[in-house]
Amino acid sequence: MRKEDMASIVIHYQSSNNSVDKKHKFVLRLIDDKWLIDEKYYGFEDEKTWYSDSI
């Protein structure tokens, strides 16, 4: 965690046919004593770029 009220979770996964390896990043924020998803991103394993996504 970079800040006390924010955390990031990154999930990596492979497709069953090995066509595309992806990753998802969720940014959580502590709001009113509850951790809520504030932002979501996706990317590809061979790239450093994160793309904005919706839930």
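This report concerns the structure included in the present document.

About the cut-offs
- Numbers given to residues run from 1 along each chain, matching the order in which its sequence is written.
- In keeping with the predicted nature of the model, local features appear solely for residues at pLDDT of at least 70, side-chain atom pairs appear and are counted solely at 80 or more, and the whole-chain, interface and lining totals rest on all residues.
- Working from all heavy atoms in the structure, the side-chain values ignore hydrogens and water.
- Under the DSSP-based scheme used, a helix requires at least four consecutive residues in state H or I and a strand at least two consecutive residues in state E, with every element numbered from the N terminus.
- Here a polar contact is recorded for every N or O atom pair within 3.5 Å, except that within protein the pair must consist of a potential hydrogen donor and a potential acceptor, and residues adjacent in sequence are included only if both atoms are side-chain atoms.
- What makes two residues a contact is simply this: any of their non-hydrogen atoms within 4.5 Å.
- We treat two strands as partners when DSSP finds at least two bridges between them.
- Fitted lines through C-alpha atoms serve as axes, helices being fitted only where they are in contact, and the angles separating the N-to-C directions of these axes extend from 0 to 180 degrees.
- Aromatic contacts are taken between Phe, Tyr and Trp rings whose centres are within 6.5 Å, Trp giving its six-membered ring; a plane angle under 30 degrees counts as stacked, one over 60 as edge-to-face, and the others as tilted.
- When a residue's accessible area, from a 1.4 Å probe over protein chains only, is under 20% of the maximum for its type it is buried; when over 50% it is exposed; and in between it is partly exposed.
- Sitting over a ring, as applied to charges here, requires NZ of Lys or CZ of Arg to be within 6 Å of the ring centre and within 35 degrees of the ring normal.

This part takes up the side chain of Lys40. Inspection of the secondary structure assignment puts Lys40 in strand β3 (residues 34-44). Among the polar contacts made by the side chain of Lys40, one reaches the side chain of His24 at a distance of 3.1 Å. At a separation of 2.7 Å, a polar atom in the side chain of Lys40 contacts the side chain of Asp53. Contact partners of Lys40, with chain neighbours within four places excluded, come to His24, Lys25, Phe26, Tyr51, Ser52, Asp53, Ser54 and Ile55.

Next up on the list: the sheet that holds strand β1 (residues 6-14). Across the sheet, which stays open at both edges, the 4 strands sit in the order β1-β2-β3-β4 with antiparallel pairing between neighbours. The sheet is open, and its two edges are formed by β1 and β4 (51-53), each paired on a single side. Here the strands of the sheet are splayed against their neighbours by 30 degrees on average, with no regard to which way each runs.

Attention now goes to the packing of aromatic side chains. All chains considered together, the criterion is met by 3 aromatic pairs. Arranged with centres 6.4 Å apart and planes meeting at 65 degrees, the rings of Phe44 and Tyr51 form a pair that is edge-to-face. A relative accessible area of 32% places Tyr51 in the partly exposed class. Geometry around Trp50 places Lys23 over its ring, the cationic atom sitting 4.8 Å from the centre. Sitting above the plane of the Tyr41 ring, Lys25 keeps its charged end 5.4 Å from the centroid.

For Asp32, which is not glycine, the phi torsion reads 55 degrees and is therefore positive. When you line up the elements, Asp32 lands in the loop between β2 (21-31) and β3. With a phi close to 65 degrees, Asp33 is a non-glycine residue in the positive phi region. Mapped onto the fold, Asp33 is located in the loop between β2 and β3. A residue is classified by how much of its surface remains accessible, and Asp33, at 74% relative accessible area, is exposed.

Honestly, it's all geometry; don't read function into it.
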